Each structure stands twice: as C-alpha cells, then as structure tokens.
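In case you want the letters, here they are:
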Amino acid sequence: MKSAKFLLLLFSLNIVSNIVTAAAPPTCPADIGSDCATDSGEWTGEFFPGIPKIKYEGPSSKNPLSFKWYNAEEEILGKKMKDWMRFSVAFWHTFRGTGGDPFGAPTKMWPWEDGTNSLAMAKRRMRVNFEFLEKIGVDKWCFHDRDIAPDGKTIEESNANLDEVVALAKELQGKKISLLWGTSQLFVHPRYMHGAATSPELGTYVYAAAQVKKAMEVTHYLGGENYVFWGGREGYQSLLNTDMERELDHMARFFEAAIAYKKKIGFNGTLLIEPKPQEPTKHQYDWDAATAANFLRKYGLIDEFKLNIECNHATLSGHSCHHEVETARINGLLGNIDANTGDPQVGWDTDQFMMDVGEATLVMLTVIKNGGLAPGGFNFDAKLRRESTDVEDLFIAHIAGMDTLARGLRNAAKLIEDGSLGELVRKRYQSFDTELGAQIEAGKADFELLEKKAIEWGEPKVGSAKQELAEMIFQSAL
Ligand code: XUL
Ligand code: CO
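Before going into details, it helps to say that this report is about the structure given with it. Quantities reported herein were computed from a predicted structural model and do not represent experimental measurements.

### Quick look at the overall build of the protein chain
For the protein chain, the helix and strand inventory stands at 17 helices and 14 strands. Scaling as 2.2 N^0.38, a compact globule of 478 residues should have a C-alpha radius of gyration of about 23 Å, and the protein chain matches this with 25 Å. With the C-alpha coordinates aligned to their principal axes, the bounding extent of the protein chain is approximately 85 × 60 × 50 Å. With 478 residues in all, the protein chain has 48% of them scored as buried. Partitioning the intrachain contacts of the protein chain with sequence separation of at least 6 by distance along the chain shows that 74% fall at a separation of at least 24. For the protein chain, the exposed area adds up to about 23,500 Å²; of that, 56% sits on carbon and sulfur atoms. The centroid of the 53 positive side-chain charges in the protein chain is displaced by 2 Å from the centroid of its 67 negative side-chain charges.

Structure follows, in structure tokens:
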C-alpha cells in the first residue's frame, strides 16, 4: 500500500516537472490568426517551440523533420499531391494516446497535459491539435465526441461540455483547417459493454441514439465532410446467448434513423461504415468490406453509405489492404482510408503508421483508379509505439506516414504512365474482347449457344498468368 502511494507521488511529481519544463520556452498564442514570430520570421507557436514548420526538402534530405516525398503543391497525374492525399490527423491517437497497454501504465508525459480530464484541459489540448496541424501542414482532422470533451454525469452535461470544446475548435479551424469526419465513441463506457445499436438493452440503444444525434450535429456544425460508424462493440462473444438476426435488424434501424436525422438537419456529409473483423468482440458484425456491403444491400442502405477501409483491420480479416480498398471501389463504396498498418508477427490491431512503400503503392493504384477519395481522405488512425515518448516523435511518425503514401502515389503514377502492367492485365482478358465475349458480358449468351461454341472450338488454349512478370514490373517502380 505504502509503495503504491510512493509510486503515485513519483508519477505526479513527474507531471508537475513536465508542466514546469513546458512553461520555460517562449510562447505565442496557438490561434491560427495570430502572427507571433521569432527573429527569423518563423512562427514557433506555444506548444512545440523547438519544432519548425515542416517543409519539403526532397529525397536526399537527412532532416527527420522534413518531407522527402510529400510535396503538397506538386502535381501528379494532373492533381496536386495534397488533393490526392487529403491527409487528416486522428485526435484520439495523437492527443489522447497514452502509450498504456494491458501490462503497463501510460508512457506519454506530454508537457501540455496536466493529468486531468477536465474541460479546461480539453480546450488546451484542442489548441495543441491545431498548432500541430499547422506545423505539420495537414489541413484536416477527425475526432470522437468523447476524445475531445469529457463525459458528463448526464447526457445534457456531456453535450454542454462538447459544445464548449466544439465552439473553440470552430474558431481554431478558421478558413485553413477543416473536419474530415466526426464519430461517436460508443465502446468505452460500461453502458456499451454489450454493444450500442446491437445491445440487448433498450436503454443502451436509446442512449447511443442520443449520443450519435449530438455527434452528427456537431460534425455538421464544424463543416465535417463525413460521419463514421465504426462498430465498436457491435458484435458478439458467443452465439449461444445472442440473437444475431435481431441485433443486425436493430443496427439497420439505427442507421435508418441516422440517415433520416442527417437529412433533417441538412448535413450533406457521407456516412461511412468502418469494417473490422474482431477486437473488441470476437466477431464484429462489419467483418470486412464484402460483409458490410452485403449488410447495406440487404437492408436497402447501400446508396446512403460508403466504407472507411482501415489497413490494419483489412489484414486482421485475412485480406490485404489492397484487397479491401479494391473491393470497396468495385462496389462504388470507397469513401475513406484509415491509414495505418499492422505487424505481420502480431495478431491484433497495432495501429502503426504505414511505412511499407509496396503496400502504399498498391493502395494508391486503387485510389488513382477511384479518381481520389474526396470527400474522404487518408486519416492517420495510427499511434506511436509505447516506447516512443518524445514530442518530436509525433511529428516524425506523421511525416513518415505521409512520405510513405506520397511515395506510393509517385510509384503508382509511374506504373500507370508506363502502362506495361495495365497491358499485361488487358492481354489476360483479351479473348473476351470479341463478339462472343461481348455477348457474355452483356448477359446475352445462353448455355445452348455456349455449348455450340464449345463443340466448334474444342479444347481451349490456356495462356500463362505471368504473375512473376507482373511482380517484376511492380518492383521496378518502387
Ligand atoms: C478502432 C478504430 C476506430 C475508428 C473510429 O479500431 O479504427 O478508431 O476509426 O471509431
Ligand atoms: Co479506424
């Protein structure tokens, strides 16, 4: 008992010493309108005084606080890089991630934190968010209602807290920064332990509806371009105690009510479902893109929704991220990408920043085919490793994630301009570029006609798939 108290004392001393250190550097207010400048004319801000505004320096730069591949204004295939990427910072990881895991206490002691979940701290943290966005050159952000403002004792109190923080966010957004999407956190509070829209408790369903209603209102108020539904705990741990059919019906009714309310308040943003196969439940209902598409079709919701594909969720479901974005695209459902990656040796959602240029190139091939992601974008739903504890690591991680995807874009554009991969695929299907092929594709070839042709042509000549050649061409672009 005594040693626990001693540890607590040490912990609070650590926070205090961090606050003291934080107060030392020169400060400027974090509102974007201010032109507080140093001698060199470089705006330093209030919370990251040692970090300059991040600039593009090109691939030969050794400066970790610079972009090597992401050059926002440069045009690739007729569009500025910033318009292909539409990057966004995820408030929950970047500013609420503590580094804690089931085995250990938080490791992040950010100098701006005072160790509380107060409204004052929420407002200060929001100013940190906007200074970070400005410095890193990302003009979009995403949030959950409960990350940005503390939960209250009643719905009214929670809503009032949210309103205060949202009013500040609106002011700080100004004209330069916009909201990519908002969402509600329907999984942390114990009331959601059995799910939200799929909870067997009516009171929980009702509470979740009230929370989403408010989150949609503030997303609309902040000019959000999308609204996300990640399943949270919508799923089951055992089918023995679960009426899956009834739960899925409830989820569909919940979405119908969200669509109706969106229209009622004049919110024109896209509604997005974010598939994930497991975690926290053993079976999440929005397992993968194909499962979510089937759900939307079954309940007649397909024209009202798109999908938010998260790369780490894709690999948890046994697919590649490329498979999931391509599945969404061919169904007309590719709305947004939660840009992160998993670890091939670890079986859970590690939410790492994407660093694999090959994976990024594959994803970008689909994004280009899709004509971009707007009104969606690439949201960095990614967190620092528990062991990365310097403030500059927040910058380095986002810079590396942005550079990886930018490099993917450059490589994908090279592959498309070169044309040999496209030609390889075209050739594989060229037997269908014939009169009979066209008849089949138009649904005008019946079995009798096909049998006649089979007898006339005899044994078909089947060509090589050329997979290694395809891989060779792909590698040459990396
Ligand atoms: C959880 C996850 C969420 C959603 C938003 O795995 O990805 O952060 O993106 O609720
Ligand atoms: Co996500």
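Back to the text.
### Some points on the coordination of the cobalt ion (ligand 2)
Here the cobalt ion (ligand 2) is held by E274 (OE), E310 (OE), D338 (OD) and D381 (OD), and the distances to it run 1.9 to 2.1 Å. One can describe the site at the cobalt ion (ligand 2) as octahedral: its six donor atoms subtend angles covering 78 to 174° at the metal. Here the donor residues of the cobalt ion (ligand 2) are spaced in sequence according to E-x35-E-x27-D-x42-D. You can see E310 sitting in strand β12 (residues 305-310) and its partner D338 sitting in strand β13 (residues 334-338), a full 28 residues away along the chain.

### Description of the state of the cysteines
Taken as a whole and assessed by the stated rule, the structure comprises one disulfide. The disulfide bridge from C311 ends at C321, spanning 2.1 Å between sulfur atoms. Disulfide C311-C321: the torsion about the S-S bond is -50°, which places it as left-handed. Separated by 10 residues along the polypeptide, C311 in helix α10 (residues 311-316) and C321 in helix α11 (residues 321-330) bring together distant segments of the chain. Taking relative accessible area as the criterion, C321 reaches 1% and is therefore assigned buried. C142 takes part in no disulfide bond, and the closest cysteine sulfur, belonging to C311, lies 15 Å away. Overall, C142 belongs to the buried group, its relative accessible area being 0%.

### Remarks on the site of ligand 1
Lining the immediate environment of ligand 1, one finds W92, H144, W181, W230, E274, K276, E310, H313, D338, D349 and D381. Between ligand 1 and E310 there is a distance of 2.7 Å, counted from an oxygen atom to a side-chain nitrogen or oxygen. Between an oxygen atom of ligand 1 and a side-chain N or O atom of D338, the distance comes to 3.0 Å. Coverage of ligand 1 by the protein chains reaches 93% of its 290 Å² of free accessible surface. Judged by the proximity of its atoms to the pocket grid, ligand 1 belongs to the largest pocket. When its residues are assigned to classes, the shell around ligand 1 shows three nonpolar, two polar and six charged.

### Quick look at the packing of aromatic side chains
All told, the structure shown has 26 aromatic pairs when counted by the stated rule. With a centroid separation of 4.9 Å and an interplanar angle of 50°, the aromatic rings of F295 and Y299 are classed as tilted. Just as F295 is buried, Y299 falls in that class too. An aromatic cluster of three or more residues is present, and its members are F48, F91, F95, W110, W112, F130, F132, W141, F143 and F395.

### Section: the packing of helix α12 (residues 357-369) against helix α13 (residues 391-418)
Pairs of packed helices are described in terms of their axes, by the angle between the two and the distance that separates them. Orientation of α12 relative to α13, taken along the N-to-C sense of each, is 60°, at an axis distance of 7 Å. With respect to α13, the element α12 is oriented oblique. Between α12 and α13 lies a crossing of right-handed hand. Side by side, α12 and α13 meet where V357, A360, T361, M364, L365 and I368 of the first sit next to T404, L405, R407, G408, L409, N411, A412, A413, L415 and I416 of the second. Taken together, the residues that form the contact of α12 with α13 break down as 11 nonpolar, four polar and one charged.

### Here we look at the pattern of salt bridges
Throughout the structure, instances matching the rule amount to 22 salt bridges. In this structure, the salt-bridge partner of R253 is E256, at a minimum N-O distance of 2.7 Å. With a gap of three residues between them, R253 and E256 both fall in helix α8 (residues 244-264), about one helical turn apart. With relative accessibility at 45%, the residue R253 sits in the partly exposed group. Residues joined by salt bridges that share partners form a network here, namely E73, K80 and K82.

The rules we used
- Residue positions are given per chain, counted from 1 along the sequence in the order it is written.
- The lettering of chains begins at A and the numbering of ligands begins at 1, in the order of writing.
- Note on the predicted model: pLDDT of at least 70 is required for a residue's local features to be given, and 80 or more for side-chain atom pairs to be given and counted; whole-chain, interface and lining totals, by contrast, use all residues.
- The side-chain figures draw on all heavy atoms in the structure; neither hydrogens nor water molecules are used.
- Helix numbers and strand numbers start at the N terminus; a helix is a DSSP run of H or I with at least 4 residues, a strand a run of E with at least 2.
- Throughout, the radius of gyration refers to the C-alpha atoms, and the reference size of a globule is 2.2 Å times the residue count to the power 0.38.
- Exposed residues in this analysis have more than 50% of their type's maximum accessible area, buried residues have under 20%, and partly exposed residues fall in between, with area computed by a 1.4 Å probe over protein chains only.
- Every residue pair with non-hydrogen atoms within 4.5 Å of one another is taken to be in contact.
- Under the convention used here, a 1.4 Å probe and the Shrake-Rupley method define accessible areas, while residue burial counts only the protein chains that appear.
- Neither His nor the chain termini are counted; the positive set is Lys and Arg, and the negative set is Asp and Glu.
- Where a charge lies is defined by one atom per residue type: Lys uses NZ, Arg uses CZ, Asp uses CG and Glu uses CD.
- Water is absent from the atoms considered, so a metal site may look incomplete; donors are defined as N, O and S atoms within 2.8 Å of the metal, or 3.2 Å for Na, K and Ca.
- The rule is simple: four donors are tetrahedral if all their angles sit between 85 and 135 degrees, four are square planar and six octahedral if opposite donors span more than 155 degrees and the others lie between 65 and 115, and anything that fits none of that is irregular.
- In plain terms, two cysteine sulfur atoms within 2.5 Å form what is called a disulfide here.
- We call a residue near a molecule or strand whenever a single non-hydrogen atom of that residue lies within 4 Å of it.
- What qualifies as a polar contact is a pair of N or O atoms within 3.5 Å, subject to a donor-acceptor requirement within protein and to the restriction that residues adjacent in sequence count only when both atoms come from side chains.
- Using a grid of 1 Å spacing that covers the protein atoms alone, one calls a set of points a cavity when a 1.4 Å probe fits there but cannot get out, and a pocket when the set is open and has protein on both sides within 12 Å along at least five of seven lines; lining residues are those with an atom within 4 Å of a point.
- A molecule is said to be in a cavity or pocket once over half of its atoms fall within 2 Å of that pocket's grid points.
- Under the grouping applied here, Gly and all other residues not named as nonpolar or charged are polar, the nonpolar ones being Ala, Val, Leu, Ile, Met, Phe, Trp, Tyr, Cys and Pro and the charged ones Asp, Glu, Lys and Arg.
- Pairing of aromatic rings covers Phe, Tyr and Trp, the last counted by its six-membered ring, and requires centre-to-centre distances within 6.5 Å; plane angles under 30 degrees mean stacked, over 60 mean edge-to-face, and any other angle means tilted.
- For helices, the axis comes from a line fit to the C-alpha atoms of the stretch in contact; other axes are also lines fit to C-alpha atoms, and the angle between any two N-to-C directions lies between 0 and 180 degrees.
- Each angle gets one of four labels, with under 35 degrees taken as roughly parallel, over 145 as roughly antiparallel, 65 to 115 as roughly perpendicular, and the rest as oblique.
- Each crossing gets its handedness from the near helix: less than a right angle anticlockwise from the far helix is left-handed, clockwise is right-handed.
- What makes a salt bridge here is a side-chain nitrogen of Lys or Arg within 4 Å of a carboxyl oxygen of Asp or Glu, nothing more.

Bear in mind that shape data such as this cannot, by itself, settle questions of function.
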